[in-house]
There are 2 protein chains.
Amino acid sequence: MAKSIFYHAGCPVCVSAEQDILNLINPADVEVVHLGTDRSRIADAENKGVKSVPALVTPNGHVLHINFGASMADVKG
Amino acid sequence: MAKSIFYHAGCPVCVSAEQDILNLINPADVEVVHLGTDRSRIADAENKGVKSVPALVTPNGHVLHINFGASMADVKG
């Protein structure tokens, strides 16, 4: 199975959602990307349709925005 | 493992998110509740902290609001 990608930026809402997602989905099936520290991935996340973090991009390319931690504008600072 | 509960109201955003969630999580671990047709569950969902649908309540009681289909006020009509 292709992996999902969980994008976050270290915010409290992100960390809580990450723990919940990794409890629900096999962690081996999820790549976790911290956009605050891995800034080279920001453009890729935006191209996938990520508008805010935390967000989960499914293997079929759907974006699930989970709760609301920060907008991508905030992430880009 | 305790089940998660996926609340929705039949809206297009809800249906899409439901399919994504059931692809990611073992369907046997998720109870799906349609608040539009099972209106007796609305108060329970609100008590759990659900503010909008679709939303997933995890076994530990956290509420993951996924994208945005409709507010609970809309659901209550």
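For the structure itself, consult the block above.
Keep in mind the model is a prediction, meaning the values are calculated, not measured.

1. A look at the state of the cysteines
All names here are of chain B. By the definition in use, this model includes 2 disulfides over all chains. One disulfide in the model links cysteine 11 with cysteine 14; its S-S distance is 2.4 Å. Its S-S torsion of about 70 degrees marks the bond between cysteine 11 and cysteine 14 as right-handed, since a negative value means left-handed. Taken individually, cysteine 11 and cysteine 14 each receive the classification buried, so the pair is uniform in this respect.

2. Structural notes on the interface of chain B and chain A
Listed by partner, the interface residues are 18 residues for chain B and 18 residues for chain A. For the chain B and chain A pair, buried surface summed over both sides reaches about 1,300 Å², with 57% attributable to carbon and sulfur atoms. Counting the surface chain B buries against chain A, the share from its top three residues, B:Asp20, B:Leu24 and B:Leu64, is 42%. Our count for the chain B to chain A interface comes out at 0 salt bridges. Joining chain B to chain A, the criterion identifies 6 residue pairs in polar contact (both at pLDDT 80 or more). A per-element tally of the side of chain B that touches chain A places helix 1 (residues 12-24) of chain B first, with 6 residues. Looking at side-chain class alone, the side of chain B that touches chain A contains 9 nonpolar, 8 polar and 1 charged residues.

3. Section: the environment of A:Glu46
Residue and element names in this part refer to chain A. Tracing the chain through its elements places glutamate 46 in helix 2 (residues 42-47). Exposure remark for glutamate 46: the relative accessible area of 32% places this residue in the partly exposed category. Between the alpha carbons of glutamate 46 and glycine 36 there is a distance of 14 Å; along the sequence they are 10 residues apart. Those residues within four positions of glutamate 46 in sequence are excluded, and the remaining contacts are Met72 and Lys76. At a separation of 2.9 Å, a polar atom in the side chain of glutamate 46 contacts the side chain of lysine 76.

Basis of the calculations
- Residues numbered from 1 in each chain as written.
- Chains lettered and ligands numbered in written order.
- Predicted model: local features only at pLDDT ≥ 70, side-chain atom pairs only at ≥ 80, totals over all residues.
- Heavy atoms only, no water.
- Disulfide = S-S within 2.5 Å.
- Buried < 20%, exposed > 50% of the residue type's maximum accessible area, 1.4 Å probe, protein only.
- Contact = heavy atoms within 4.5 Å.
- Buried area = accessible area lost by both parts, 1.4 Å probe.
- Salt bridge = Lys/Arg side-chain N within 4 Å of Asp/Glu carboxyl O.
- Polar contact = N/O pair within 3.5 Å; in protein donor to acceptor, adjacent residues only side chain to side chain.
- Helix = DSSP H or I, 4+ residues; strand = E, 2+ residues; numbered from the N terminus.
- Nonpolar A, V, L, I, M, F, W, Y, C, P; charged D, E, K, R; others polar.

Read these as layout, nothing more, since geometry by itself doesn't imply function.
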